[in-house]
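# Coordinate analysis (summary)
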Amino acid sequence: MADMEWINAQEAKIPHGGVRTRFAPSPTGYMHVGNLRTALYTWLIARHFGGTFLLRIEDTDQGRLVDGAVDVIYRTLRECGLDHDEGPDVGGPVAPYVQTERKPFYMKYAEWLVALGHAYYCFCEKTESEEAAGEFDRGDDPCRALTPEETAAKLAAGLPYVIRQRIPHEVTTTFHDERFGDITVENATLDDQVLIKRDGLPTYNFANVIDDHMMGSTHVVRGSEYLSSAPKYNLLYEGFGWPVPKYIHVSNIMRDAQHKLSKRDGDGTYEDLRAAGYLTGAILNYIALLGWSPRGELAEREIFSLHELAEVFDLEGISKSPAIFDRDKLNHFNSEYIRAMTPEDFAEAAGPWIRKTVRDPAINTAAVAALLQQRTEVLSEIPEKVDFFDALPDYDAALYVHKKSKTDLPGSLETLRKILPVFERIGDWGDEAILKAMTDMAEAEAVKNAKIMWPVRIALAGKAITPGGAVEIARILGKEESLRRIRRGIEKLEENV
């Protein structure tokens, strides 16, 4: 029998009168990019309408749980600035916000649905996977036709059971999605899905409907793969006599036209992207536009802060088409965010990456970072760009030959021999003095500055491409190390001329 006194008490707790959205991840690992986009859109809808954003942990699939995954969810949302107003860690009027802690709720609502005639007890032997997914032979389940007395007798005998949804097979069901519009399906194509499994836990499809109702969800954002389940959700809402929330089904994020983005590709999760050197703001900005676009006068704009996204986000801008995850485009966003950082913030972000290859404590990472900010798309590029500061690589003398700078091996050797004593005489080792030494030599030799600076830079870095030029590199290396490297350059050239 349905416990209507308890149910009525729960119904009285449901908040009404404002927009309420929820992000309901399963703690099964790292935060997939598609899940993060769902969280972002859900948060944006709540903030745009001045509503409430809830976090709910859906952990009823115990076999897929991963230790520490709940902490990953909290950390990711915190890093991304997607603050939740209600949730397991902050509480709220419709607690608890963890599904396994809500187990008694689902049984009571399932029993009510049975009493209403929209569900039934099933005592047939099915495999665990069939119970979880509702997949079984399409023929009518014999338990569907049991009388209340027959059902009561089997329950009294202690027979194991599941509770299934009673689908009215002879009619159609129409549901509405905010972007896809009205969609009608033949109920004959729908199975009587399991609502309560034999262990007493709900299936995902039942728990999320009960929770969305009890938590007052007004908008439900989820992947388009759930469009096929929406008719069953609608029938549950209608069976209980509840209002249906606004559905927003977002299309998949694809690696290419045929393949969905996945963890196996090394870029499927937020953690993958952060580990690859992408900034959180750039990631959020980019994935916001993977399936949504601003309209009107903002149609051509790409760069938005999280606050700006909340101001302009609208449901009409959500696309029905799958979005292609373009790494080059993400690189562009990331470079824009890097350039917009203050030098201090960039130095802090770049510091750990610099230290991956520059371990000499005498090298100032902030000084190195200053050379990188306008030359970096992704932070993971940094270690290879700056490794020469830590140790001079074993480079090929052919680097001294540079057509544009009009340098060759003999000329480079002469330049280094002449610049060495000039550098040795510098007292205040700084940009101005280092630059003056080289430009004065170029003027005395009646050559362009590059003909002096190219050999010096090669001697200092051992690389053709470096962040910063000879002046900055020499200053950061310091006088003694710069002189040592120039002497090594002279030796190398003498061996090859």
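For the structure itself, look to the data block above.
Structural notes, computed from the coordinates. (Residues numbered from 1 in each chain as written. Predicted model: local features only at pLDDT ≥ 70, side-chain atom pairs only at ≥ 80, totals over all residues. Heavy atoms only, no water.)

### Digging into the pairing of strand 6 (residues 181-186)
Bridge analysis of strand 5 (residues 172-177) against strand 6 gives six bridges, and the strand direction is antiparallel. Bridging from a neighbouring strand, Asp177 pairs with Gly181 of strand 6. (Pairing = 2+ DSSP bridges. Helix = DSSP H or I, 4+ residues; strand = E, 2+ residues; numbered from the N terminus.)

### Comments concerning the pattern of salt bridges
Side-chain pairs of opposite charge can arise where the charged atoms are in close proximity. Applying the stated rule across the entire model yields 28 salt bridges. The shortest N-O distance in the salt bridge between Arg56 and Asp211 comes to 3.6 Å. Residue Arg56 is found in the loop between strand 2 (52-55) and helix 3 (69-80), and its partner Asp211 is found in helix 7 (residues 204-214); the two are separated by 155 residues along the sequence. Judged on exposure class, the residue Arg56 and its partner Asp211 are both buried. (Salt bridge = Lys/Arg side-chain N within 4 Å of Asp/Glu carboxyl O. Buried < 20%, exposed > 50% of the residue type's maximum accessible area, 1.4 Å probe, protein only.)

### Some points on the pairing of strand 2
Side-chain direction in a regular strand flips from residue to residue, so the side chains alternate between the two faces of the sheet. In terms of strand pairing, strand 1 (residues 20-23) meets strand 2 through four bridges, oriented parallel. Note on strand 2: the bridge partner recorded for Thr21 is Phe53. With respect to chirality, the unit in which strand 1 leads through helix 2 (residues 33-48) into the neighbouring parallel strand 2 is right-handed. (Right-handed = clockwise from strand over helix to strand, strands pointing away.)

### Concerning the side chain of Gln373
Residue position: Gln373 is located in the loop between helix 14 (365-372) and helix 15 (382-386). Those residues in contact with Gln373, other than ones at most four positions away along the chain, are Ile338, Arg339, Met341, Thr342, Pro343 and Phe346. (Contact = heavy atoms within 4.5 Å.)

### Some details on the packing of helix 1 (residues 4-11) against helix 4 (residues 103-115)
At a minimum axis separation of 10 Å, helix 1 and helix 4 run at an interaxial angle of 115°. Classified by the angle between their axes, helix 1 and helix 4 sit roughly perpendicular to one another. Here helix 1 runs over helix 4; the crossing is left-handed. Two secondary-structure elements touch here, helix 1 through Met4, Trp6, Ile7, Gln10 and Glu11 and helix 4 through Phe105, Lys108, Tyr109 and Trp112. (Axes fitted to C-alpha atoms, helices over the stretch in contact; angles between N-to-C directions. Parallel < 35°, antiparallel > 145°, perpendicular 65-115°, else oblique. Left-handed = near helix turned anticlockwise from the far one by under 90°.)

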